[in-house]
Amino acid sequence: MTGTPADQGVDTRARTGASTENNTSAGTGNSTGSTTGSSAGHHTASSTGSSAGTRKGTGGQGMAPQHDSGQLDAPRAPAGTGGWDARSEGLLNGGAPAPGRIPSAVDEAEPEQSRPEGTESAETESAEEEGVLTGSAVADVEAAFAAVMGTGSPARTAAPSSAPAPSAPAPPPSSPAPVPPAPSAPAAEAGAEAAAEEPAEASAVASTPSGGAEREAPADRPVRRAGARRGAADPVKALIHRHRELCERAVDPLEIAAGLEAHGVTDRAAARFRHRDVFSLAEEMYARVPHHGEGGGAGSAGPPSQGERPGADPHGTPLPGEAGTGPGRDGRPGGRGTAALLLLPLLPGALCAAALLALRTLEGGQARVTAGVVGVVAVALAVRACLRHGPLRGRERSSTSTRAWACWLLGYALLGDGLLDTALRGGPDGLWPPRLAPALGLALAVAPAVWCARLLTVRAQRKLATSRGLEEFAGAVRPLLLGTFTLFLCALLALLGGAGALLGEEAAYAGAGSLGALLLLARLLMAHGRPGAPAVALACAGTVELLALCSVFAGRLPGCTVLALPVESVVTSWGPGAVPALACATAAAALLIRAVPALSRASAHVPPGGPR
Amino acid sequence: MDNRPSDHPPGRIRFIPLRAVDQRRLPIWEIGGVRVRIGLLTEGGYPYVSGDGRLWCDRLVRGLAQHEFDLYALSRTARQEEQGWVPLPPQLHRVRTAPLWTAEGDGTAHGRRARRRFNAHYGELVTAVCSGGEDLEDRFGSALYGLAELARDEGGLVTALRSEAAVRALEAACRAPGALRAAHEARVPDLLAVAGLLERALRPLSLDWYEADCGGVRDGARAGAGWGGLGCVDLCHATSAGAAALPGLLAKHFFGVPLLVTEHSVQLRSHYLAASGETLSAPVRALLAAFHGKLTGEVYRQAALITPGSAHVRRWQERCGADRAKLRTVHPGMEAASFAALGESGENSTAATPDRTDSALPVADPDTLVWVGRIEQSKDLVSLLHAFAEVRKEEPAARLRLIGAVAPGDEAAAYLAQCKALAAQLFPDEADGKHAVGENPVSFDEVGGPDVPELVDAYGAGAVVVLSSVVEGFPVSLVEAMFCGRATVSTDVGAVVEVIGGTGLVVPPRNPRALAEACVALLRDPARRERLGAAARARALELFTVEQNIEAFHSIYLEIVSHYPVRREVMDDEGDPLPFANPVETHVPGHWALSGAAETADAAPGTVPPVPSWAVRDEDVDAVLGAVAGEGAR
């Protein structure tokens, strides 16, 4: 529909368009309306040279100058041979198509034709209207008919007072330029501008609702007289230019249609572009504008995809220098988030160290017990804060049993080895010393855990943005996950060793290390929406430890010595730390096997705060 | 996607018995005055204070007191739910709500067979969505119903729709040959976003509204035990296509309940406009648009009748695949009573007879133009002010009153300030004499202020009502002006031409000169004004009253119920099926909404022409009796 149509084609289309428009404007769907409209349009078309400007808007579309709303194009001769007709001659020769205009460039549609489409009460309504409008309304109806037919009418007499200039098809002064390059406006427009030279013009330009960008500057106007007819070749092109962004963004002709309607383009306006309705106009615009993907990603307005970055490595080898940069996409950018991320994870370790220091320095049982209790509570609160804010935040509330098992595992790391040891020796007789070094090491390891999780999140998000497919993403995330986990493990072992050296205790690398690994993996899985496996793993490890303790005590019952044998043999071979080490390491290994496929899925890395 | 825990308690379905069980009116099946049980389906609509179209639904429910209404409402945002409900009329027997905005991970873990079913159906669905062709509607529909059946059999789909399997199916569909070009470019974040949005759009599938246990309701034996779900209604009335109509689609699929779709604004169009405001990437928007287009097409295809609110909506519906034979335009109804006094008094009668008892009527100044509406950019007041400047050149005595509140938002407030500044610039203050205090010919008022205590006073303040919008849906203020019997000048946007008919002047939008000329023409011609005003009032009273709206829906309900009876098995007190409870005549073969000629043409070749039972020849009696028994037993 963009090509230059043949003569006959133009004529036909003008007529059908006229009848269509008449239908829509009059709101009827019946056949009488359509025939009337068609004949009216035909009539006008045949008498264009003289009366193109004198008709009312209700008539044919092809030359409906008065009807030109400002945002659309002013009438002009079609360029190209196909569209040449008598009206074009008129435009060329006279500049203004016809003198004088009807007082109302208005549609005072006749009641007979203006029935809303398809209402069931159409008949009764028209009867009602005719009943009401008889007599007094006849004058209006007559005027409207006369205007449509282009003949003289009483209505025309009022014309010259309001529009003396022979500028019937003038667009309003505040109209956007159909084609921004200045010298391409119809000559007829000049008359309108002469009439519209008002003091308020500047303010009108400045204060039009759709912004000054689309509006022409007043200074351009005199110049525009010159090349009057140029740019008239393709009115749709001007429209496309005006709505370029809409057209480029659109994924669908209907989207353009919706956008055009939101900008006030009606079917009647579309008829001026020789289209049946807004939909077909939108289809042409959609077909004519290159879309995203064809023209080099004009429409990729989505997440800031760094996909075209040349260094994106499909196998996920981290590029140097991009590790910690950028605020990430979890909605917590900038200062406060960074400070919380850096400082908050240090809090449990610091509190734990302070509590241990207090325990060491304080004298007297009461004070030490108080310090111990306060220290435990403070560290617990700090750990809770770390888990609630930041990258380890769980998507769903973890269940009570999971939390209880985690507390049990930590409590065992603090007290369990000593209890097991004394129990095997026949105790416990009174209190046994807690193992403070693993506690301190684990509290200090909260910080690397949070940072590693953060690293994983940021890098995974980045991979997510650059990946084209799910497999590619999984391949990129798997080594990342393993690398992060190894990093954390190294940090944890170093911290455990340091804490042991500091406190003068034997460092429980195996027990506390495997416990730390287990807890990190569990938390990572929970943070990515997989709470099932961690719950099972924690429960299993806790149950094993509990059973080990119970079996030792049960072995004291008469005849049940055999129950304590496995634990005894393990402890005598490898020491009391072997029990939690075995339990936690097995659970951690199982969890790692589960975590690698689970966390390498894209659905596990949906950024929170994304589309809901 | 946000998977954070929400405070919304899972499975929160409100069930509101509005009366005690023994006090409930039992349904009366009158002859000739059928009581219809209507399931009203809304999305972000009726019972909520901030809902769209709540006034219309409320009037409908109150106006059709002889019918029973069950309300099934989907809420759109948490905020909407917090704001509460409007007072509900007693005709509304049951209200069920469900949130669309929160994702309750219901934790339903499907077994292997259920997962396989899910993968198959979801794969079909996304294939139909991703493929650009138009020929896959039936695949879309069958996949949708397959998912719904799965949800009904196995529990919620929320987890499954967000699973990796869903994303994988989506990826496969996007990469398949023949998929949309935009879909080919989808990256992993786009896939995830689409999967999340599809999950959201398909949430109505997981609701527990699709029950048919209503045997006790009808005979009252087990009344209150469970009022059943959508399986028990005679008719589903969806107030928009899209998410609201999805439960209706499923009710039609599961129970054969006919679906009526009413749209005052096209849901699909709103989707497009909303999507252009968001920062979604092109593939996401393309896939989402394809999904909504397919869903809307399916809704239009399955609906028994579609009632667009205006011809504009009707055009969109036809464009989206609605069958013309199913479309019945029903204009929204508006309260006309408050405008009656003004409308009947005419423009000058109050001034002529000041001693009449109804002296509260405002006096219309014959030189005043009035604009009434909500002040925002799309109303194009700037153009109106420029037009008024032209009017003043012709009619120096003319005044313009802009009456209306500012729309919420900073933009609208800035626009008002801009308009005020422009008015002050264009029109200096004027005084009657040397010693009088001047005032501006353009005044800005709000309804409720001292000058304009009520809305009707706003219309009564002037002789001509002007509408200068560049974008308009259904022009409420124009209809109100018509009720008031005022001559109007409006721009040709939205449904204006359809509403005004021939009873007012219409000019192109953004054309201040044309607007000015029309205004001048009316200001100079009181007789014409009166003529047009009277015609406008008559037209509005004929077409846009609440009564006509309710009457139209009443007849549409009865029409649908008579043509699409829901075939339920009727039980007696012991729970045994009751034979002959459903007479065979209730079944009408063929599509009745088609024109008569087409229907007979369709029906003629296959079926026996209708013959009264006494006219059946002897050898046919056995066959007919067999058919009747079969109908009863079903």
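Residues numbered from 1 in each chain as written. Chains lettered and ligands numbered in written order. Predicted model: local features only at pLDDT ≥ 70, side-chain atom pairs only at ≥ 80, totals over all residues. Heavy atoms only, no water.

A. Fine view of unusual backbone geometry. A positive phi angle, close to 60°, is found at A:Arg274, a residue other than glycine. If you trace the backbone, A:Arg274 turns up in the loop between helix H14 (267-272) and helix H15 (278-288). Even without being glycine, B:Arg510 reaches a positive phi, approximately 55°. By relative accessible area, which is 14% here, B:Arg510 ends up buried. (Helix = DSSP H or I, 4+ residues; strand = E, 2+ residues; numbered from the N terminus. Buried < 20%, exposed > 50% of the residue type's maximum accessible area, 1.4 Å probe, protein only.)

B. Main features of the sheet that holds strand E7 (residues 365-372) of chain B. Residue and element names in this part refer to chain B. Across the sheet, which stays open at both edges, the six strands sit in the order E9-E8-E7-E10-E11-E12 with parallel pairing between neighbours. Only two strands of the sheet have a single partner each, and these edge strands are strand E9 (442-445) and strand E12 (505-507). Sheet twist, expressed as the mean angle between neighbouring strand axes with direction ignored, is 20°. As paired elements, strand E11 (residues 487-491) and E12 share three bridges and run parallel to each other. Residue pairing for E12: Val489 is matched across the bridge by Leu505. Where helix H21 (residues 512-523) meets the sheet, it contacts E7, strand E10 (462-467), E11 and E12, and its direction lies at approximately 175° from that of E11. (Pairing = 2+ DSSP bridges. Axes fitted to C-alpha atoms, helices over the stretch in contact; angles between N-to-C directions. Contact = heavy atoms within 4.5 Å.)

C. Quick peek at the pattern of salt bridges. If you walk through the whole model with that rule in mind, you get 34 salt bridges over all chains. Of the charged contacts, one joins A:Glu261 and B:Arg315 as a salt bridge, the two residues approaching to 3.2 Å between their closest N and O atoms. Taken together, the residues span two chains, with A:Glu261 in helix H13 (residues 253-262) and B:Arg315 in helix H13 (residues 311-319). The exposure class of A:Glu261 is buried, given its relative accessible area of 9%. (Salt bridge = Lys/Arg side-chain N within 4 Å of Asp/Glu carboxyl O.)

D. Representation of a nonpolar patch on the surface in the model. Where nonpolar side chains cluster on the molecular surface, the patch consists of A:Leu342, A:Leu343, A:Leu346 and A:Trp451 and spans about 390 Å² of accessible area. In this structure A:Trp451 comes out as partly exposed when scored by relative accessible area, which is 34%. (Patch = residues over 30% accessible without salt bridge, like charges linked within 9 Å, V, L, I, M, F, W, Y side chains within 5 Å. Areas by Shrake-Rupley, 256 points an atom, 1.4 Å probe, with all protein chains shown as cover.)

E. Region of interest: the nonpolar core. Formed by 156 residues in total, the largest nonpolar core has its most connected members in A:Leu518 and B:Tyr122. Counting residues per element, this core draws most heavily on helix H12 (residues 282-302) of chain B, which supplies 10 residues. Residues in contact with A:Leu518, not counting those within four places in the same chain, are A:Leu409, A:Ala537, A:Leu538, A:Ala541, A:Cys584, A:Ala587, A:Ala588 and A:Leu591. Judged by nonpolar contacts, the second largest core, of 38 residues, contains B:Trp371, B:Leu381, B:Leu384 and B:Leu422. (Core = buried A, V, L, I, M, F, W, Y, C linked by side-chain atoms within 4.5 Å.)

F. Structural context of the environment of B:Ala73. Residues and elements named next belong to chain B. As for its placement among the helices and strands, Ala73 is situated in strand E2 (residues 68-75). Relative accessible area serves as the criterion here: at 0%, Ala73 is assigned to the buried category. Between the C-alpha atom of Ala73 and that of Leu41, which follows or precedes it by 32 residues, the distance is 5.9 Å. Residues contacting Ala73, with those up to four places away along its chain left out, are Thr42, Pro47, Tyr48, Arg96, Thr97, Ala98 and Trp209.

G. Structural view of the packing of helix H20 (residues 436-444) of chain A against helix H22 (residues 470-503) of chain A. Residues and elements named next belong to chain A. Put simply, H20 and H22 touch, their axes get as near as 8 Å, and they point 140° apart. Considered as vectors, H20 and H22 are oriented oblique to each other. Helix-helix and strand crossings are classified by hand; for H20 and H22 the assignment is right-handed. Between H20 and H22, the contacting residues are Leu436, Ala437, Pro438, Leu440, Gly441, Leu442 and Leu444 on the first element and Leu492, Leu495, Leu496, Ala499, Gly500, Leu502 and Leu503 on the second. In terms of residue class, the contact of H20 with H22 is made up of 12 nonpolar, two polar and no charged. (Parallel < 35°, antiparallel > 145°, perpendicular 65-115°, else oblique. Left-handed = near helix turned anticlockwise from the far one by under 90°. Nonpolar A, V, L, I, M, F, W, Y, C, P; charged D, E, K, R; others polar.)

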